[in-house]
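Each chain, written out:
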Amino acid sequence: MRYAETGFNLEIDLSRGNIERVETDPRLTELHLGGLGTNAKILWDRVPSETEPFSPDNLLIFSTGLLCGTPAVGCNRTIVTTYSPQTLLMGYSMMGGFWAPELKYAGYDKVIFRGKSPNLIYVWIHNDKVEIRDASHLQGKGTVETAELIRQELKEPNAQVAAIGLAGENRVYTASIEQGRSSASRLGIGAVMGDKRLKAIAVRGTKDINLARPAEFMELCNEVLEYIKFRGENPVPGVMTILQGLGSPQEMLHVDEKWHTENFMWGNARTRRKDFWNKEVEEKWKETQESVRTRLISCYNCPMKCGAIISVPGLSTYMMKCFSKLTYTMAAYSDLDFGFRIAQRATEYGVDGFSTPQIMAFAFELKEAGILTDEDFAGCPSDNEERFYWLLDRIVRREGIGDVLANGTYWAAQQIGKGAEAYAHNNIKKHEQLPLKLGMLNPVYFLMYATGEKINITQIEGQFPQAPFPTMEEREAFVKDWIQVPDEKFKRYLLDWELRGERSNPYYPTVDMSVDIVDWQEMMHYIDDLLGTCAGLSSFPLKPPYHIHNYPHFISSATGIDMDEAGLTQVYKRNRNLIRSINVRRGLRRADEKPPEDHWKKRFPELEEKLLDAYYKFKGWNNQGIPTKETLQDLDLGYVAEDLEQRGIIKNE
Ligand code: SF4
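Right, let's walk through the structure included here. Because the structure is predicted, anything quoted here is derived from the model rather than measured. (Residues numbered from 1 in each chain as written. Predicted model: local features only at pLDDT ≥ 70, side-chain atom pairs only at ≥ 80, totals over all residues. Heavy atoms only, no water.)

1. Observations concerning the pairing of strand 8 (residues 129-134)
Part 1 of the argument: Taken together, the 6 bridges between strand 7 (residues 121-126) and strand 8 define a ladder with antiparallel strand orientation. Bridge pairing in strand 8 places Ile 125 opposite Val 130.
Part 2 of the argument: If you look at the hairpin formed by strand 7 and strand 8, you'll find 2 residues sitting between the two strands, and Asn 127 has a positive phi there, around 50°. (Pairing = 2+ DSSP bridges. Helix = DSSP H or I, 4+ residues; strand = E, 2+ residues; numbered from the N terminus.)

Listed below in structure tokens is the structure:
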């Protein structure tokens with residue numbers, strides 16, 4: 001019997017219309033756990049590295065995490081993996097909500113799509129019955145609208161539907177996959193879904209999941225629930241409000257946006273408005289937020305309520321959470337009301353709420369600079385907010401200049417030329433980043449930005465405070481119950497970290513400490529993505545309920561796999577190196593690993609090189625960021641080493 005997982009994947013060939021239920025190899029679960037890990041293994045084994053993202057040979061894998069569907073609180077992530085059209089590297093994006101647990105209850109761990117359908121279709125998975133159905137009547141429909149129409153058509157109000165909108169259908173590189181309570185937005189995975197002519201996947205499952213040692217597992221789940229309650233009553237003192245608690249930053253609950261609006265950049269990630277937030281703005285935004293927020297909502301099996309149902313009068317309802325609340329507002333130098341209104345249209349179109357507003361602000365900056373012309377914007381209204389709607393419509397339809405912009409700022413700038421490249425200034429690995437520009441280089445963040453394969457800083461950071469506490473009393477209080485640290489040395493790193501002087505950024509944390517901190521943060525994110533745990537309860541917040549000490553017990557009691565901390569660390573390393581190897585095989589090298597030039601005002605090129613050197617060495621990689629043969633062999637990835645050697649990527653060093 002298989003525990004925690006179902007032991008079956010669905011393989012759907014969209015070119016042939018063939019559907020297969022395939023039993024999986026339990027040995028792969030032991031080596032990679034599930035979710036992101038087994039997705040990477042499938043991508044490595046089955047998709048040649050030369051494959052174009054829009055090739056029928058590219059796979060689009062929807063995976064549950066290993067613990068999804070079990071009673072583990074907040075384990076509900078769907079991990080979608082493919083080759084990204086924007087970065088051309090492996091793209092993986094997560095969505096919360098209810099979709100992954102539903103798929104498990106239908107009897108599958110993953111749905112793997114290959115090929116391309118000749119017509120627009122959707123897939124209906126209802127336990128053992130799986131159908132490919134015509135979706136021509138859904139062409140051009142919004143994501144929320146599509147989900148509702150499918151539920152009505154199937155007469156299944158409880159079906160969970162993941163859908164693309166017009167942006168995905170038109171292969172817009174920032175197209176998202178939306179599913180009611182969450183979305184997988186980064187890296188253009190919605191464009192790959194559109195390229196496969198797959199409008200939606202509806203799932204309904206009513207089967208059970210087996211647990212190896214249920215009583216033990218339930219006790220662990222109860223401990224997590226107790227701890228969530230405790231943390232709700234005892235927020236972390238001395239850090240900004242959104243970092244005091246658990247979950248995604250609670251921006252649907254809180255109104256105070258002083259920190260974001262004054263520290264993050266407006267427009268095309270260039271302008272800081274230091275005195276923006278005042279009483280008047282706060283009152284106005286509070287009124288706006290409370291008038292459109294119908295209620296707070298959670299993902300499957302989670303008490304945190306990070307999201308909200310948003311109902312703007314005259315518009316259909318949609319779900320929002322986190323920093324998406326501000327991205328359109330700040331890109332357009334507008335107010336919160338505009339942000340809530342345009343986000344409704346953007347959600348129906350299915351676009352990434354981080355990249356898309358930046359692409360539009362980038363375009364208007366190019367117009368001001370005379371690089372794009374009036375001709376490019378023929379018909380564009382002069383009103384500031386209206387012109388954002390106008391451009392959004394053109395991008396998702398790929399009309400006129402919208403067709404160029406639909407590929408994101410990096411590719412658009414290449415195509416436009418005439419110096420446009422300098423305006424696409426906020427990218428890493430060809431992908432737009434959060435509009436954050438700071439003063440002094442932070443060595444930990446430098447490494448995370450440079451080397452992260454997830455291309456999303458908010459999904460890489462966590463665990464270690466973002467800034468030092470001013471006083472020793474605060475630091476001592478923080479470390480007192482810091483049980484999550486994998487090693488006591490992290491407490492010392494924090495205790496000695498000062499705001500100014502020798503023990504402050506950029507030279508403290510030291511190079512070696514920075515590498516240790518990044519490795520810990522990465523490890524937690526990787527484990528979450530294998531298990532399907534929401535980062536908001538594990539890798540992202542300070543002092544979370546899941547950590548390296550209790551995770552092995554969850555895994556062992558759920559799956560029956562004998563797991564301890566050393567074993568779990570090894571699984572993390574194996575998956576980290578496999579994903580790095582997939583990207584190395586697609587051309588990723590040291591030269592690609594750099595944060596935007598203007599991310600910090602004060603840069604330290606020599607120190608940055610040292611940080612990268614030390615990080616690569618710590619990982620067992622060469623100075624190009626390529627895993628060495630020995631590293632791969634030690635992680636049961638000898639077949640990867642052989643492949644890289646045959647290609648001449650690994651030399652006999
Ligand atoms: S913490 Fe928030 S985002 Fe995470 S699963 Fe719970 S409700 Fe969803």
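2. Some thoughts on the sheet that holds strand 14 (residues 307-310)
Part 1 of the argument: With antiparallel pairing, 3 strands are arranged side by side in an open sheet as 13-14-15. Both outer strands of the open sheet, strand 13 (293-297) and strand 15 (318-321), are each paired with one neighbouring strand and no more. Taken pair by pair, the neighbouring strands of this sheet meet at an average axis angle of 30°, ignoring direction.
Part 2 of the argument: Sheet topology note: the strand 14/strand 15 ladder contains 4 bridges and is antiparallel. Note that in strand 15 the partner of Ile 309 across the bridge is Met 319.
Part 3 of the argument: The strands that helix 11 (residues 336-349) touches are strand 14 and strand 15; relative to strand 15, the one it contacts most, it runs at about 115°. (Axes fitted to C-alpha atoms, helices over the stretch in contact; angles between N-to-C directions. Contact = heavy atoms within 4.5 Å.)

3. Focus: the packing of aromatic side chains
Part 1 of the argument: Under the counting rule described, the total for this entry stands at 36 aromatic pairs.
Part 2 of the argument: Each residue in the set Phe 464, Phe 469, Phe 478, Trp 482, Phe 490, Tyr 493, Trp 497 and Trp 520 is aromatic and connected to the rest through ring pairs, giving one cluster.
Part 3 of the argument: The lysine or arginine in question, Lys 367, covers the ring of Phe 377, its NZ or CZ lying 5.8 Å from the ring centre.
Part 4 of the argument: The aromatic ring of Trp 44 is capped on one face by Arg 585, whose charged end is 3.7 Å from the ring centroid. (Phe/Tyr/Trp six-rings, centres within 6.5 Å; stacked < 30°, edge-to-face > 60°. Lys NZ or Arg CZ within 6 Å of the ring centre and 35° of its normal.)

4. Comments concerning the pattern of salt bridges
Any two side chains of opposite charge can pair, so long as their charged atoms come close to each other.
Part 1 of the argument: For the structure on display, the rule yields 52 salt bridges.
Part 2 of the argument: Lys 619 serves as the salt-bridge partner of Glu 522, at 2.6 Å between the closest nitrogen and oxygen. Placement of the pair is Glu 522 in helix 19 (residues 511-531) and Lys 619 in helix 22 (residues 605-619), with a sequence separation of 97 residues.
Part 3 of the argument: Assessed through its relative accessible area of 5%, Glu 522 is described here as buried.
Part 4 of the argument: Residue Lys 619 is classed as buried on the basis of its relative accessible area of 10%.
Part 5 of the argument: In this structure, Arg 590 engages Asp 613 in a salt bridge whose closest nitrogen and oxygen atoms are separated by 2.8 Å. (Salt bridge = Lys/Arg side-chain N within 4 Å of Asp/Glu carboxyl O. Buried < 20%, exposed > 50% of the residue type's maximum accessible area, 1.4 Å probe, protein only.)

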